[in-house]
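# Architecture at a glance
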Amino acid sequence: MSGNDANRIRIFDTTLRDGEQSPGASMTLEEKIRIAEVLEAMKVDIIEAGFAIASNGDFEAVSKIAAQIKNSTVCSLARAATADIDRAAEALKSAKSSRIHTFIATSPLHMRVKLQMEPSAVLEAIHRSVSHARSRMGDVEWSAEDATRSEIDFLCRAVETAIKAGASTINLPDTVGYATPAEYERLVRTVIERVPNSDKAIFSTHCHNDLGLAVANSLAGVAGGARQIECTINGIGERAGNAAMEEIVMALRTRHDVMPWHTNIETTEIMRISRLVSTVTGFAVQNNKAIVGANAFAHESGIHQDGVLKNAETYEIMTPESVGLNKSSLVMGKHSGRHAFADKLRELGYELGDNAFQECFRRFKELGDRKKQIYDEDIVALVDDEVATSENRIQVVSLSTHSSSNGRAVSDMTLRVDGEEVSVVTYGSGPVDAAFNAIKQIIGFDPHLQLFQVHAVTQGTDAQAECTVRLEEGGRTVNGQGAHEDTVTAAARAYVSAVNKLTLKRQKTAPQPMVAS
Ligand SMILES: CC(=O)SCCNC(=O)CCNC(=O)[C@H](O)C(C)(C)COP(=O)(O)OP(=O)(O)OC[C@H]1O[C@@H](n2cnc3c(N)ncnc32)[C@H](O)[C@@H]1OP(=O)(O)O
Ligand SMILES: CC(C)C(=O)C(=O)O
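Here the residue numbering is sequential within each chain, running from 1 through the sequence in written order. Written order decides the labels, with chains lettered from A and ligands numbered from 1. For this predicted model, a pLDDT threshold of at least 70 governs which residues receive local features, and a threshold of 80 or more governs which side-chain atom pairs are given and counted, while totals over whole chains, interfaces and linings are taken from all residues. Where side-chain values are given, they derive from all heavy atoms of the structure, hydrogens and water being excluded.

Here is the rule: UniProt positions are given in the numbering used here, feature names are shortened, and annotations may be inferred rather than shown by experiment.
Labelled according to an unreviewed UniProt entry, the protein chain appears under the name 2-isopropylmalate synthase, originating from Gimibacter soli. Turning to the protein chain, the UniProt record has this under Pathway (unreviewed entry): "Amino-acid biosynthesis; L-leucine biosynthesis; L-leucine from 3-methyl-2-oxobutanoate: step 1/4." Recorded in UniProt under Catalytic activity (unreviewed entry), the annotation for the protein chain is "3-methyl-2-oxobutanoate + acetyl-CoA + H2O = (2S)-2-isopropylmalate + CoA + H(+)".

Here it is as structure tokens:
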């Protein structure tokens, strides 16, 4: 994307610093380096690699990332304290491009309660810390922690002080995610308008998501004049997290018509980094999360699937490829329609005649009513079962069984034999035995069961069972398969499938009566 440089938004990623502040999200050194490498590959402008004074581990991570990353600026956080700044400078010393990010709170509450400092002392601390940081490094960012709950006059004086002392980036964090978009836009605009030397700095947003407004506020901040956005992958961060980088970048790209700003981010790396951060932190991405959630490019309803098959733009405002996904997915379930089912069958390599298709679709809908998720394997099992049994002389119409842990099982079975329905009630040592006895009683002969095997097609207790039955009779051996989410029905279908093969073989030599009299 090209554009006027005044419209270029720098992306400052703080996944490794603020993101790691999410309770439970600690990352190892190796994991941080892997994440930094992908951030660099996706052309992030500034990577905040850690808070060097926080621990030896943080120091080492910042140092190693600084030494390794060449195409992004590497940054460390530091309080308004000489020791913090020196530690940050030390950790960053081998970086090709580096930044010290120093901060202090400017809201009355934070100054009084947390820092226990008078506002005048805070102004002095800003001057001292930024000047010291500048003496150690050319690129210094200063943040007014809790800017959105600060008094505007004081905030403007603090910003002016920081710029005078040499800060070239001024960040106005919504530290507790309190602002609304209109307020935040106004805050950024007001500070830029009122601070006399504001043209010497780039203004930045850093929005938390306590009210779910982090991304909206960041974009509002840009409308107010900010040209750097601080954000994290998957929106991880302190409490409810930070603005999600993938959402910001894709919003700017997708709605360029109304937001004339652009980033340098290589968006096709988005899925890769999202999965990496999720794996490393153990923080699953919610299915309906914008851009990177499992459902972000997935469609289950028949009407949507039909639309997407005709033209993806009907229900997709960006392409899956643009975020590094191969394609959108049509999730098969009870809401799917014939168009999507036919498309799925083609993808799985099936070509069915009309009748078989209609029957498979009917069974698929039934399965969808009973099973939460339908996987490709379920459809394969269902279609194979249907294709294998649709021409059979004997078919299972219905089966119900009752069993208990300390007694016999009973089966109530109806088979269709040459178009005629026959029902029997039989007993057995278990439900499968009872069902097999029913089939034997109806067909009138008793083949030897050589093999009975069951396996679950997919995971979960609602998975379909796939059964194989091997029968032998008079030197003839046949295998039959059956699939169903009820294991006993799957077994019965497999048995009947084998019996059909056996009767075919028997008829070729010595035709027998099909129905017991
Ligand atoms: C909004 C943010 O995300 S800010 C970043 C938050 N991230 C972190 O805190 C993670 C890393 N932090 C740490 O490892 C530790 O808190 C350290 C190493 C920084 C400090 O540890 P400790 O010296 O034990 O202090 P502790 O964390 O208990 O308290 C913080 C101290 O820093 C002071 N402080 C807080 N912010 C600043 C600041 N910007 N500049 C100067 N001092 C500050 C507090 O007033 C308090 O000072 P006090 O000890 O005189 O009361
Ligand atoms: C240190 C600053 C940038 C911060 O993380 C915040 O205010 O949330």
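### Details of the site of ligand 2
Put simply, the rule is: Near residues are defined by distance, with any heavy atom within 4 Å of the molecule or strand qualifying the residue. Whenever two N or O atoms come within 3.5 Å, that pair is a polar contact, provided that in protein one can donate a hydrogen and the other can accept it, and provided that, for residues adjacent in sequence, both atoms are side-chain atoms. Only the protein chains shown count as cover for residues, and all accessible areas are computed by the Shrake-Rupley method using a 1.4 Å probe.
Close contacts around ligand 2 come from Arg17, Asp18, His101, Phe103, Ser143, Glu145, Asn171, Pro173, Thr175, His206 and His208, and that covers them all. In the model, an oxygen atom of ligand 2 is placed 2.9 Å from a nitrogen or oxygen of the Arg17 side chain. For ligand 2, an oxygen atom lies 3.0 Å from a polar atom in the side chain of His208. Protein contacts shield 94% of the accessible area of ligand 2, which totals 260 Å² for the unbound molecule.

### Things to note about the layout of surface pockets
The test is simple: Buriedness for pockets is judged along seven lines, at least five of which must meet protein on both sides within 12 Å for an open set on the 1 Å grid over protein atoms alone, while cavities are sets there where a 1.4 Å probe fits but cannot get out, and lining residues have an atom within 4 Å of a point. Grid points are joined across faces, edges and corners, and a volume is the space filled by probe spheres set on the points. To qualify as a helix, a DSSP run of H or I must reach at least 4 residues; to qualify as a strand, a run of E must reach at least 2; elements of each kind are numbered from the N terminus. Residue polarity follows a fixed list, in which Ala, Val, Leu, Ile, Met, Phe, Trp, Tyr, Cys and Pro are nonpolar, Asp, Glu, Lys and Arg are charged, and the others, Gly among them, are polar.
For the largest pocket, the calculated volume is near 850 Å³. Every residue lining the largest pocket is counted, 33 residues in all, and those nearest its centre are Ala294, Asn295, Ala298, Ser329 and Val331. Of all the elements in the fold, those that place two or more residues in the lining of the largest pocket are helix H10 (270-281), strand E9 (298-299), strand E10 (329-330) and helix H12 (338-347). Looking at the lining of the largest pocket, its residues break down into 15 nonpolar, 10 polar and 8 charged. Within this model, the second largest pocket holds a volume of roughly 470 Å³.

### What about the environment of Gly428?
In this fold, Gly428 is placed in strand E13 (residues 420-428). Sequence-wise, Gly428 and Ala438 are 10 residues apart; in three dimensions their C-alpha atoms are separated by 9.2 Å.

### Notes on the UniProt feature "binding site: Mn(2+)" (unreviewed entry) in the protein chain
Which entries qualify depends on this criterion: Relative accessible area decides the class of each residue, using a 1.4 Å probe on protein chains only: under 20% of the type maximum gives buried, over 50% gives exposed, and in between gives partly exposed. Pairs of residues are marked as contacts when any of their non-hydrogen atoms sit within 4.5 Å.
UniProt annotation of "binding site: Mn(2+)" (unreviewed entry) refers to Asp18, His206, His208 and Asn242 when read in the numbering used here. A stretch of 225 residues holds the annotated residues, and the largest C-alpha distance among them is 10.2 Å, short enough that they meet in one place. Relative to the elements of secondary structure, Asp18 occurs in the loop between strand E1 (10-13) and helix H1 (29-41). A relative accessible area of 3% places Asp18 in the buried class. In this view, Asp18 contacts His206, His208, Gly237, Glu238 and Asn242; residues no more than four positions away in its chain are not counted. A polar side-chain atom of Asp18 sits 3.2 Å from a polar atom in the side chain of His208. Along the chain, the position of His206 falls in strand E7 (residues 202-207). Exposure remark for His206: the relative accessible area of 4% places this residue in the buried category.

### Some thoughts on the side chain of Gln305
The residue Gln305 is located in helix H11 (residues 302-310) in this model. A relative accessible area of 0% places Gln305 in the buried class. One polar contact links the side chain of Gln305 to the main-chain carbonyl oxygen of Val331, over a distance of 2.9 Å. A distance of 3.2 Å separates the side chain of Gln305 from the side chain of Ser336, its partner in a polar contact. With residues near it in sequence (within four places) discarded, Gln305 still touches His299, Glu300, Leu330, Val331, Met332, Ser336, Gly337 and Ala340.

### Some words on the sheet that holds E13
What counts is decided by this rule: One requirement defines pairing of two strands: DSSP has to find at least two bridges between them. Lines are fitted to the C-alpha atoms to define the axes, a helix being fitted only along its stretch in contact, and any angle between axes, read from their N-to-C directions, falls within 0 to 180 degrees.
Read across the sheet, 3 strands follow the order E11-E12-E13 without closing on themselves; strand pairing throughout is antiparallel. Each end of this open sheet is capped by a strand with a single partner; those strands are strand E11 (394-402) and E13. Averaged over all adjacent pairs, the angle separating strand axes in this sheet is 15°, with direction ignored. In the sheet, E11 pairs with strand E12 (residues 409-417) via 8 bridges, with the strands oriented antiparallel.

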